[in-house]
Amino acid sequence: MSALDPTPLTSTNDPLSRERGHLAASRSALRTMREQVAALNLADVTANWVNAAVLESQIENRIKELADLTHTPLFFGRLDYLPGARRDGDQDPLGPDADTATATDAGGDGDGDDEGHRFYIGRRHVHDADGDPMVIDWRAPVSQPFYRASRKDPQGVDLRRRFGYTGGELTAYEDENLTDPMEHDRTSRLLQAEIERPRVGPMRDIVATIQPEQDEIVRSGLAGTVCVQGGPGTGKTAVGLHRVAYLLYAHRERLARTGTLVIGPNRSFLHYIEQVLPALGELAVQQATVDDLVAHVDVRGTDDATAAVVKGDARMATVLRRALRSHVTAPTEPVVVVRGSRRWRIPAYELAEIVEELQGRDMRYGAAREALPQRIAHAVLVRMEESGEAPDDRVQDAVARNPAVKAAVKTIWPPVDPAKLVLRLLSDADFLAEHADGVLTADEQRSVLWAKPARSPRSAKWSRADAVLIDEARDLVERTHSLGHVVLDEAQDLSPMQYRAVGRRCSTGSATVLGDLAQGTTPWATGSWAEALSHLGKPEALVEELTAGFRVPREVIAYASRLLPHMSPGLTEVSSVRESPGSLEIQHIADADAQVTAVVAACEESLRHEGSIGLIAADDRIPELAKALAAAGHSPIAPGEETTADSRLTLVPVSLAKGLEYDYVVLAEPAAVVAGEPDERTGLRRLYVALTRAVSGLTVVHAEPLPEQLG
Ligand SMILES: Nc1ncnc2c1ncn2[C@@H]1O[C@H](COP(=O)(O)OP(=O)(O)OP(=O)(O)O)[C@@H](O)[C@H]1O
């Protein structure tokens, strides 16, 4: 039976019942798949206990991947292809997971080409007992038209059906007949409902409703780096996470070997997004902040803004390189190797040539240092051969280990501890001046020098920026391991040196860089993506822009966007996909003493609705608000703690609000948010972040005048 067949609407044979039938059958097929994996008898296939343990853990993971999560629908869409329509990716339209499946149809109706193929699109591949697909992974080539086909370009699709679920039950569907000239585009009600579905718990995936421009980024190839500029709520984080899931599917073996990493701005944010990839069946992606990546020392100190800006400047890489290289000294003495009754002498000028040659190569300091004894030994061997001996490789190794050679290497190319190198640069004005000459101005040098020099790396009060410098120095000594793919979220806030730290972790892989220049709130925030990408080492990356806003309703984003010309002129305003009249309320409290009470009342008003509530305020106002909320009987949670049905109110210091979202937001005193930053532009950007966290409603409560730029 094809999707085009007129079907009588009887209670068991109406479209919804049939779809529920397919859901039940798919669930049962998934259960069978799981049982088959669980029933594998390891005794038959493993010769020793090590193999058995590895296999067992692989099986456990596979069983986890095949779990049927009650509230996560097994499929969310259906595609009916036109009769005879060819699909793209014809070689393997079902993709890597479909090794046992044939490309008939995932619907079990047995349609031949003449009647068109039908595919159910879901989070994972499910097949029946014969190996025929019942649900196709959303990442398979054949699923792509679900996200991209349009009336203008139906891509062979006749009908696209989206399913709606309530509490795990299939309750609705929405059809688009892409080839029907009488039908027109409508905004999807299911998309609207999905976005507005109250938020409880961590961030969810958007796999059922990825939009065409988002899908292009999600499915862009592993070889290239993509940078996405997008205003608040345009789905950058969601797109980045789905891209990793896609890449893991399309290049599973390679990425399993090389590894993938998602970098976020802080722990709360990482905690907020940590469930998205597991929900998509991907359990092996690492998550970290930039600080985690460079945690070679304990960070106990802070920098003032001037010092932090200089330390984060890419010129520091030149200073470090010069300082490190200064450890290599020109040989002044010959090396004399004694073997048996013979002495072999390599004169200083020849040693100097070897050193010069090594310095001219693109080698790490440590690798060159390791190569030096072998080069000296080679020179000795040449002399041995010239005098008629026939030494082999073992002799070369023995010469390389000769004490005279070792001693020479230690003097010429001594080992360098990266932390000690940075410590010396920050403590010793002359050493810094020598290597920063012509690179940093005298003022800049003064700004980074410690007032009280530290004695040792252990006792030093390292700052976050210092840790990045040490990471750079480590990489100069020994190449940092590169992963296959790195997603960098909230990238606009990184310093050039931090970009370099991330860049070396994907030097042989690729990256997805996500950010919004208008939300940059660090003193070193990125001015342009071209600049950031060159620091990352990926100047050839494509920069894409997302402008459709999913989170913030039209009225609210229009209000927040008033700030744009004053802080980030030239950036495109987000155009919200959601009209939501009444979503913005501005409350002016004439009596400043009554403000806290008004803020608590606004939270209570928001709590009448379903979903999560965020009370956002300047960091220094948080203790006072916490006290007032407690006095009114509320126990708000902190950002990053999971919201539950019983604790839906989060008290958010504005410095942690970036990247997070709440169904309802109460923003206390915008003027204090602006005043909390060192300069007005950063203050307005911080306010812009705070104003754009709400999905359904924003209440601004103020006693002080609103910043004039909000007009
Ligand atoms: N295609 C989509 N379908 C459904 N929801 C979507 C879609 N795209 C984005 N969203 C939702 O919009 C909200 C904002 O997405 P996300 O956090 O990824 O935006 P962002 O661009 O990273 O925002 P910010 O700049 O504030 O960090 C999330 O709730 C996300 O699930």
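Residues numbered from 1 in each chain as written. Predicted model: local features only at pLDDT ≥ 70, side-chain atom pairs only at ≥ 80, totals over all residues. Heavy atoms only, no water.

1. Let's talk about the nonpolar core
Here comes step 1: Among the nonpolar cores identified, the biggest contains 84 residues, and Leu-320, Leu-372, Val-399, Trp-462, Val-502 and Trp-529 are the most heavily contacted of them.
Here comes step 2: No other element matches helix H15 (residues 365-386), which puts 10 residues into this core.
Here comes step 3: Residue-level mapping places this core at the junction of two domains, with at least three residues from each of domain 2 (212-297 + 477-549) and domain 3 (335-412).
Here comes step 4: Contact partners of Trp-529, with chain neighbours within four places excluded, come to Cys-227, Gln-229, Ala-491, Gln-492, Tyr-499, Val-513, Gly-515, Asp-516, Leu-517 and Val-543.
Here comes step 5: One finds Ile-121, Val-157, Phe-269 and Leu-667 within the second-largest nonpolar core, a separate group that totals 77 residues. (Core = buried A, V, L, I, M, F, W, Y, C linked by side-chain atoms within 4.5 Å. Buried < 20%, exposed > 50% of the residue type's maximum accessible area, 1.4 Å probe, protein only. Helix = DSSP H or I, 4+ residues; strand = E, 2+ residues; numbered from the N terminus. Domains from an automatic or database assignment. Contact = heavy atoms within 4.5 Å.)

2. Quick notes on the side chain of Glu-677
Here comes step 1: Within the secondary structure, Glu-677 sits in the loop between helix H28 (670-675) and helix H29 (680-691).
Here comes step 2: In this structure, Glu-677 is in contact with Thr-682, Gly-683 and Arg-686, ignoring residues within four places of it in sequence.

3. With respect to the UniProt feature "binding site: ATP" (unreviewed entry) in the protein chain
Here comes step 1: Taking the numbering used here, the UniProt-annotated feature "binding site: ATP" (unreviewed entry) corresponds to Gly-230, Gly-231, Pro-232, Gly-233, Thr-234, Gly-235, Lys-236 and Thr-237.
Here comes step 2: Looking at the element boundaries, Gly-230 is found in strand S7 (residues 226-230).
Here comes step 3: With relative accessibility at 0%, the residue Gly-230 sits in the buried group.
Here comes step 4: Exposure remark for Gly-231: the relative accessible area of 7% places this residue in the buried category.
Here comes step 5: Excluding its chain neighbours within four sequence positions, the residues that come into contact with Gly-231 are Lys-236, Asp-516, Gln-519, Leu-546 and Val-574. (UniProt positions renumbered as here; feature names shortened; annotations may be inferred.)

4. Thoughts on the pairing of strand S11 (residues 342-346)
Here comes step 1: Bridging between strand S10 (residues 335-339) and S11 involves 5 bridges; their strand directions are antiparallel. Each bridged residue has a counterpart across the sheet, and for Arg-339 the counterpart in S11 is Arg-342.
Here comes step 2: From the end of S10 to the start of S11, which pair antiparallel, there are 2 residues, and Gly-340 there has a positive phi angle of about 60 degrees. (Pairing = 2+ DSSP bridges.)

5. Some remarks on the pattern of salt bridges
Here comes step 1: Tallied over the entire structure, the rule returns 38 salt bridges.
Here comes step 2: Note that Glu-176 is salt-bridged to Arg-162, the shortest N-O span being 3.7 Å. Here Glu-176, found in strand S6 (residues 169-177), pairs with Arg-162, found in strand S5 (residues 157-166); they are 14 residues apart in sequence, far enough to count as distant. The same class applies to Glu-176 as to Arg-162, namely buried.
Here comes step 3: Across the pair Lys-658 and Asp-493 runs a salt bridge whose closest N-O atoms are separated by 2.5 Å. Of this pair, Lys-658 sits in the loop between strand S19 (649-653) and strand S20 (662-668) while Asp-493 is found in the loop between strand S12 (485-488) and helix H22 (496-503), placing the two residues 165 residues apart along the sequence. Residues Lys-658 and Asp-493 agree in their burial class; the two are buried.
Here comes step 4: Connected via shared salt-bridge partners are Glu-19, Arg-78, Asp-80, Arg-118, Arg-161 and Asp-175. (Salt bridge = Lys/Arg side-chain N within 4 Å of Asp/Glu carboxyl O.)

6. Brief notes about the site of the ligand
Here comes step 1: In the vicinity of the ligand, 24 residues are found, and the nearest of them are Thr-209, Gln-214, Lys-236, Glu-661 and Arg-693.
Here comes step 2: Thr-237 is positioned with one of its side-chain polar atoms (N or O) 2.9 Å from an oxygen atom of the ligand.
Here comes step 3: Relative to its unbound accessible surface of 640 Å², the ligand loses 97% to contact with the protein.
Here comes step 4: Put simply, the parts of the chain that give the shell around the ligand at least two residues each are helix H5 (189-196) and helix H7 (236-250).
Here comes step 5: Residue contributions to the shell around the ligand peak at 3 residues, all from H7. (Near = heavy atom within 4 Å. Polar contact = N/O pair within 3.5 Å; in protein donor to acceptor, adjacent residues only side chain to side chain. Areas by Shrake-Rupley, 256 points an atom, 1.4 Å probe, with all protein chains shown as cover.)

7. Considering the packing of aromatic side chains
Here comes step 1: Evaluated as defined, the whole model comprises 9 aromatic pairs.
Here comes step 2: Geometrically, the ring pair formed by Phe-76 and Phe-146 is tilted, given 5.8 Å between the ring centres and 55 degrees between the ring planes. Of this pair, Phe-76 sits in strand S1 (residues 75-81) while Phe-146 sits in helix H4 (residues 144-148), placing them 70 residues apart in sequence. Each member of the pair, Phe-76 as well as Phe-146, carries the same accessibility label: buried.
Here comes step 3: Taking 5.4 Å as the distance between ring centres and 65 degrees as the angle between the ring planes, the aromatic pair formed by Trp-450 and Trp-462 counts as edge-to-face. With a gap of 12 residues between them, Trp-450 in the loop between helix H20 (442-448) and helix H21 (464-477) and Trp-462 in the loop between H20 and H21 connect regions that are remote in the sequence. Summarising the burial analysis for this pair, Trp-450 and Trp-462 share the class buried.
Here comes step 4: Connected via pairs of aromatic rings, a cluster forms that spans Phe-76, Trp-138, Phe-146 and Tyr-147.
Here comes step 5: Over the face of the ring belonging to Tyr-173 we find Arg-161, whose NZ or CZ atom lies 4.0 Å from the ring centre. (Phe/Tyr/Trp six-rings, centres within 6.5 Å; stacked < 30°, edge-to-face > 60°. Lys NZ or Arg CZ within 6 Å of the ring centre and 35° of its normal.)

8. Points about the pairing of S7
Here comes step 1: Burial of S7 is extensive: 5 of the 5 residues sit out of reach of the surface.
Here comes step 2: Because side chains alternate across S7, one face comprises the buried residues Val-226, Val-228 and Gly-230, and the other comprises Cys-227 and Gln-229, equally buried.
Here comes step 3: Across 4 bridges, S7 lies against strand S13 (residues 510-515) in parallel orientation. Bridging across to S13, Val-226 finds its partner in Thr-512.
Here comes step 4: Bridge count between S7 and strand S14 (residues 542-546): 5 bridges; the pairing is parallel. For Gln-229, the partnering residue across the bridge sits in S14 and is Glu-545.

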